[in-house]
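# Working through the structure, step by step
Listed here are the chains, written in short residue letters.
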Amino acid sequence: MLKDNLKSVEERILAACKRSGRDRSEVTLISVSKTKPIETLQEAYDLGVRVFGENKVQELDKKIPALPDDISWHMIGHLQRNKVKYIAGKVELIHSVDSLRLAEEINKEAAKKDIVIPVLIEVNAAGEESKFGVSLEETKSLVYEVAKLDQVQIKGLMTIAPYVVDSEENRPYFRKIKDLSVDIANENIDNVCMDTLSMGMTGDFEVAIEEGSTMVRVGTGIFGERDYSI
Ligand SMILES: *Cc1c(COP(=O)(O)O)cnc(C)c1O
């Protein structure tokens, strides 16, 4: 099942790239393995998967040491300041920076380890009450503030679009995030690069790719439904 799912997601990514005149190499597939057991991740690894996304520090803490070390781990979930220390230096990218205080904490932990930590600014594109992230209006000023921190590097923006039945409904949000990233890139802010757009999940990754996504985060489409009862 995992093998077929991966193949089908891969085909859909490729088709979306073709439709929008993009090269497949411009889009990274992040396999979102949250709630899945280590054996399932190992199975995906054996099928060639090297990029995994998790949304909880505790899970990353358990899974990173248990799996091969050529995996690139992405922290895609809400991050509490007191947990930054557990993942600093262990993940490729933190997708969920939505406050200056969190960025300052990341900067502090990066300084202790003498590293630079790459991050994305999470934007709540649809202004949903239930979601984390800064508003479209606040994003640029947060970017300017975070850019002043020496050991955090902004790589781009991330968004979690609303849950919708028809993915076309999310196209305007993806477009807004893309436009905002171009706008920010044009300001040539020191220490800020805007080449990463993390947007698109199982229900809407094709539309996200058509609108310029460079990282799609796909969980259900690869691993099947999640069971939160265990
Ligand atoms: C769970 C999760 C995903 C994957 O969601 P699916 O709909 O299962 O593909 C993507 N991004 C974030 C931030 C998540 O928490």
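Up top is the structure.
In short, a report on the structure.

It is worth spelling out the environment of lysine 113 at this point. Its place among the elements puts lysine 113 in helix α5 (residues 100–113). You can call lysine 113 partly exposed: its relative accessible area is 40%. Between the C-alpha atom of lysine 113 and that of serine 167, which follows or precedes it by 54 residues, the distance is 41 Å. In this structure lysine 113 touches Lys85 and Ala88, once residues within four positions along its chain are discounted.

Packing of helix α6 (residues 136–147) against helix α7 (residues 171–185) leaves a shortest axis separation of 11 Å and a crossing angle of 30°. When the interaxial angle is binned, α6 and α7 end up roughly parallel. Where α6 crosses over α7, the handedness of that crossing is right-handed. Counting all contacts with α6, which are made through Leu136, Thr139, Lys140 and Val143, the residues of α7 involved are Lys176, Ile177, Leu180, Asp183 and Ile184.

Now for the side chain of glutamate 54. By the secondary structure assignment, glutamate 54 is in strand β2 (residues 51–54). Using a relative accessible area of 0% as the deciding quantity, one classes glutamate 54 as buried. A polar atom in the side chain of glutamate 54 sits 2.7 Å from the side chain of serine 33. Non-local contacts of glutamate 54, meaning those with residues more than four positions away in its chain, are made with Ser33, Lys34, Thr35, Leu41, Glu59, Leu60, Lys63, Trp73, His74, Met75, Ile76 and Gly77.

Cut-offs and rules
Residues numbered from 1 in each chain as written. Predicted model: local features only at pLDDT ≥ 70, side-chain atom pairs only at ≥ 80, totals over all residues. Heavy atoms only, no water. Helix = DSSP H or I, 4+ residues; strand = E, 2+ residues; numbered from the N terminus. Buried < 20%, exposed > 50% of the residue type's maximum accessible area, 1.4 Å probe, protein only. Contact = heavy atoms within 4.5 Å. Axes fitted to C-alpha atoms, helices over the stretch in contact; angles between N-to-C directions. Parallel < 35°, antiparallel > 145°, perpendicular 65-115°, else oblique. Left-handed = near helix turned anticlockwise from the far one by under 90°. Polar contact = N/O pair within 3.5 Å; in protein donor to acceptor, adjacent residues only side chain to side chain.

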